[in-house]
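Here are the chains, one letter per residue:
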Amino acid sequence: MELKKTKSSYSIIGNFIPFLLKNESSIEAFISNYQVESKLDKMQDGTEVKSFIGKKGNVIIRLLPNRIDYDYIFASSNNTTEEAFQNACNFFSNLGERYGIRAARLALVTTLFTDNTNNEAVKVLENKMNANSLFGPCAEFSFRLNTLTNYFERINSVVNISAGSATNNQTKEVKPILLTTLDINTLASNREHRFDAIDLSNHFSDFLLEEQE
């Protein structure tokens, strides 16, 4: 059963409202090599904050009041996990060096899929979980697992598998797939802005180790 990556999203989470309010004009210059769109977000206290979304090739960045995302799309076989990791770390490092940003939480969300023609992928998972012998043949498959693991600190790992379909853009052929989402993040209970954006490579490297597990 071959899993293919479609997207990895590296994120820092926290209160970035002061950063966005103070640096609106310089942010536009900082991400000027992206195709940029902006919008006004109205906060609960009525403050209006400009958010930025930038697109360049297979990369999408988002600078929002409560999170900053670096999305890497695996658009071709030339796109690799190593490249996604390095590019994301470089982006956050440059952001941290320029603005001194610190985050309260980190997250890595990766989306994958596998071909489920004739229910073959489900049959493989059924056998691994011994579900067939316990409950009989599976007509519908959905699976979610949430675990806590120790790395640089306690992190949360969520594996979610569900049925779906994929359409070939050229042939328009629709195939059944199993969609897998791996969501690895630091715990929401710790709200201290303790992560320096300038140096996240070791933390995101631990997330990749957990992803491989």
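My aim in this report is to walk through the structure given alongside it, one point at a time.

**Regarding the nonpolar core**
For soluble globular proteins, the rule of thumb is that nonpolar side chains tend to be buried together. Residues Tyr-10, Ile-12, Phe-19, Leu-63, Ile-68, Tyr-70 and Phe-92 are the most contacted members of the largest nonpolar core, which totals 38 residues. For this core, the element with the most residues is helix 3 (residues 81-99), which contributes eight residues. In terms of nonpolar packing, the next biggest core, distinct from the first, is built from five residues, Ala-121, Phe-141, Ile-161 and Leu-178 among them.

**Observations concerning the sheet that holds strand 10 (residues 174-186)**
The strand order across the open sheet built from nine strands is 2-3-4-5-1-7-10-9-8, with neighbouring strands paired in antiparallel fashion. The sheet is open, and its two borders are formed by strand 2 (35-42) and strand 8 (142-150), each paired with just one other strand. Neighbour-to-neighbour, the strand axes of the sheet open up by a mean angle of 15°, direction not taken into account. Relative to strand 7 (residues 105-115), helix 6 (residues 201-212) is tilted by about 30°, and along the sheet it contacts strand 1 (4-13), strand 7, strand 8, strand 9 (154-167) and strand 10.

**Thoughts on the packing of helix 3 against helix 6**
Angle between the axes and distance between the axes are the two parameters that describe a pair of packed helices. Relative to each other, helix 3 and helix 6 sit at 150°, their axes nearing to 10 Å. Considering the angle they form, helix 3 stands roughly antiparallel to helix 6. Where helix 3 crosses over helix 6, the handedness of that crossing is right-handed. Counting all contacts with helix 3, which are made through Thr-81, Phe-85, Cys-89 and Phe-92, the residues of helix 6 involved are Ser-201, Phe-204, Ser-205 and Leu-208. Among the residues making up the contact of helix 3 with helix 6, the classes are represented as five nonpolar, three polar and no charged.

**Focus on the layout of surface pockets**
In this model, the largest pocket occupies a volume close to 510 Å³. In terms of lining, the largest pocket is formed by 23 residues, of which the most central are Val-159, Thr-180, Leu-182, Glu-211 and Glu-213. Contributions of two or more residues to the lining of the largest pocket are made by strand 7, helix 4 (120-129), strand 8, strand 9, strand 10 and helix 6. Considering each element in turn, the lining of the largest pocket owes the most residues, five residues, to strand 10. Broken down by class, the residue content of the lining of the largest pocket amounts to 13 nonpolar, five polar and five charged. The space that makes up the second largest pocket amounts to roughly 360 Å³. Every residue lining the second largest pocket is counted, 13 residues in all, and those nearest its centre are Phe-113, Ala-166, Thr-167, Asn-168 and Asn-169. Secondary structure elements with two or more residues in the lining of the second largest pocket: strand 7, strand 9 and strand 10. Per-element tally for the lining of the second largest pocket: the top contributor is strand 7, with three residues. Partitioning the lining of the second largest pocket into residue classes produces three nonpolar, five polar and five charged.

**Structural notes on the side chain of Arg-194**
Relative to the elements of secondary structure, Arg-194 occurs in the loop between strand 10 and strand 11 (195-196). The class of Arg-194 is buried, set by a relative accessible area of 17%. A distance of 2.6 Å separates polar atoms of two side chains, one belonging to Arg-194 and the other to Glu-153. In terms of polar contacts, Arg-194 uses its side chain to reach the side chain of Asn-190, at 3.4 Å.

**Side note on the packing of aromatic side chains**
If you walk through the whole model with that rule in mind, you get 10 aromatic pairs. Each ring, one from Tyr-10 and one from Phe-204, has its centre 5.0 Å from the other, and the planes form 85°; the classification is edge-to-face. With Tyr-10 in strand 1 and Phe-204 in helix 6, this residue pair connects regions lying 194 residues apart in the sequence. With respect to burial, Tyr-10 and Phe-204 carry one shared label: buried. Linked through ring pairs, Tyr-10, Tyr-70, Phe-91, Phe-92, Phe-152, Phe-195, Phe-204 and Phe-207 together constitute an aromatic cluster.

Thresholds applied
Residues numbered from 1 in each chain as written. Predicted model: local features only at pLDDT ≥ 70, side-chain atom pairs only at ≥ 80, totals over all residues. Heavy atoms only, no water. Core = buried A, V, L, I, M, F, W, Y, C linked by side-chain atoms within 4.5 Å. Buried < 20%, exposed > 50% of the residue type's maximum accessible area, 1.4 Å probe, protein only. Helix = DSSP H or I, 4+ residues; strand = E, 2+ residues; numbered from the N terminus. Pairing = 2+ DSSP bridges. Axes fitted to C-alpha atoms, helices over the stretch in contact; angles between N-to-C directions. Contact = heavy atoms within 4.5 Å. Parallel < 35°, antiparallel > 145°, perpendicular 65-115°, else oblique. Left-handed = near helix turned anticlockwise from the far one by under 90°. Nonpolar A, V, L, I, M, F, W, Y, C, P; charged D, E, K, R; others polar. 1 Å grid on protein atoms, 1.4 Å probe; cavity = no way out; pocket = protein on both sides within 12 Å on 5 of 7 lines; lining within 4 Å. Points joined across faces, edges and corners; volume = space filled by probe spheres on them. Polar contact = N/O pair within 3.5 Å; in protein donor to acceptor, adjacent residues only side chain to side chain. Phe/Tyr/Trp six-rings, centres within 6.5 Å; stacked < 30°, edge-to-face > 60°.

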